[in-house]
Structures are given as structure tokens and as C-alpha cells.
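# Chains, contacts and geometry: an overview
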Amino acid sequence: PALVIGVQHDVLFPVWQQKEIADTLRSAGNKHVVYYELDTVYGHDSFLLDHVAIAPAVKGHLEHEPHGAAHLWKEMAAKAATVLQASLGRSTMADSFRDIFRALAGDKDTVDRDRLKTMLKLVYDDRLSAADVEKVFTERLPATSVSLPEFMAIRDALGSKYETYLP
């Protein structure tokens, strides 16, 4: 697959040259050539300055199946989830919860509730049902932002009653 983007007002690589590249690729036998022509005043620097115009074209091209890259992203996400499950499975649930929270929070004190919920479902897919996670988050974490102590407090409701939590 090939994506060729022509940009109006590009004096270094005019639109006619971009069309010619796309046509040449097609005539050489590449059946998966996509040509986009964008009308933006930034010309050749559009890919640096006008991501609003460029990003949808690139995203659409990468996600278009069967010749896009969506399957690669899904495969990478599945492998990352497997690695994460294996590594977190070697420690206590409390340690895993803290690690998950800190990874999502970065330098902030709170994390978006839905991000935490999604990550728990992904990481504990083999140990917690999605319905249980939904129920606990709905009942015990009503706010959209969650602090570490609030997040740690839901462990018992998710099945870690016999673990010791040392902050």
C-alpha cells in the first residue's frame, strides 16, 4: 500500500508531481495506491504545521483494511496485554494496582476513571469479569477522576480480601 499526499501551494513538490507519482505506482502494478490532495496555505510545511489536515488522511490510510495497519496495532495491543498480565501476575494485586495507577497518572494525582476501568479489564481479563469491574466502578468510584487511595480502596470489592496492603 502507498499513500501519496499532494498539497496545494507546495512549491517544492507541486501537486502535479504527486499525482504523477501515484499514477506511476499504479501503472507499475501497485493496486493499493491512495492519493489525497489537501488545500492548505502552509504548502510544503503542511505536514509539520497543519496536522488537522494531514492526520485524518494518514490515519485513514493506516486503518484501511485489508491492506492497512489496523491488524498490526491490534496484534501489538494483544501482545502488550499478555506481557502486562504475565508481569503483573507475579506480584500482589495491591502492587499491580499501584503500578497501573502510576503508569496512567504520570505526574498527576488523579487518573480518568474510564482509563483505569479499561486498563483493569485488560490486565485482569483472566481473573476479573468485566461485569464485576463495571459494577464496582459504578458503585464505588462515581467521580470522573480517581486518586490513588480511592483506587486502592476498591481492591477488596474486586477479590483481594486476603492480601495485605502496605502503602
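These numbers come from a predicted model, not from an experiment.

### Details of the packing of aromatic side chains
- On inspection of all chains with the given rule, the structure shows three aromatic pairs.
- For the ring pair phenylalanine 97 and tyrosine 124, a centre distance of 6.0 Å and an interplane angle of 50 degrees mean the geometry is tilted. One end of the pair, phenylalanine 97, is in helix H5 (residues 93-105); the other, tyrosine 124, is in the loop between helix H6 (113-123) and helix H7 (130-140), and 27 residues separate them in sequence. Residues phenylalanine 97 and tyrosine 124 agree in their burial class; the two are buried.
- Here phenylalanine 97 and phenylalanine 151 contribute two aromatic rings whose centre-to-centre distance is 4.6 Å and whose plane-to-plane angle is 20 degrees, an arrangement assigned as stacked. Of the two residues, phenylalanine 97 sits in helix H5 while phenylalanine 151 sits in helix H8 (residues 148-152), which places them 54 residues apart along the sequence.
- By relative accessible area, phenylalanine 97 is classed as buried at 0%.

### Focus: unusual backbone geometry
- Backbone geometry places histidine 9, a non-glycine residue, at a positive phi of 70 degrees.
- On the secondary structure map, histidine 9 appears in the loop between strand E1 (2-7) and helix H1 (15-27).
- For histidine 9, a relative accessible area of 53% gives the class exposed.

### Structural notes on H1
- Between its terminal C-alpha atoms H1 stretches 18 Å, which fits the 18 Å expected from 13 residues at 1.5 Å a residue.
- Restricting attention to buried positions, one finds in H1 the residues Val15, Gln18 and Ala22. Buried residues of H1 fall within an arc of 65 degrees about the axis and therefore sit on the same side. Exposed residues lying more than 90 degrees from the buried face of H1 are Trp16 and Ser27.
- Buried positions along H1 lie against E1 and strand E2 (33-38).
- Remark: glycine 29 follows H1 within two positions and exhibits a positive phi of approximately 110 degrees.

Calculation notes
- Residues numbered from 1 in each chain as written.
- Predicted model: local features only at pLDDT ≥ 70, side-chain atom pairs only at ≥ 80, totals over all residues.
- Heavy atoms only, no water.
- Phe/Tyr/Trp six-rings, centres within 6.5 Å; stacked < 30°, edge-to-face > 60°.
- Helix = DSSP H or I, 4+ residues; strand = E, 2+ residues; numbered from the N terminus.
- Buried < 20%, exposed > 50% of the residue type's maximum accessible area, 1.4 Å probe, protein only.
- Expected span 1.5 Å × (residues − 1).
- Arc of directions from axis to C-beta.
- Contact = heavy atoms within 4.5 Å.

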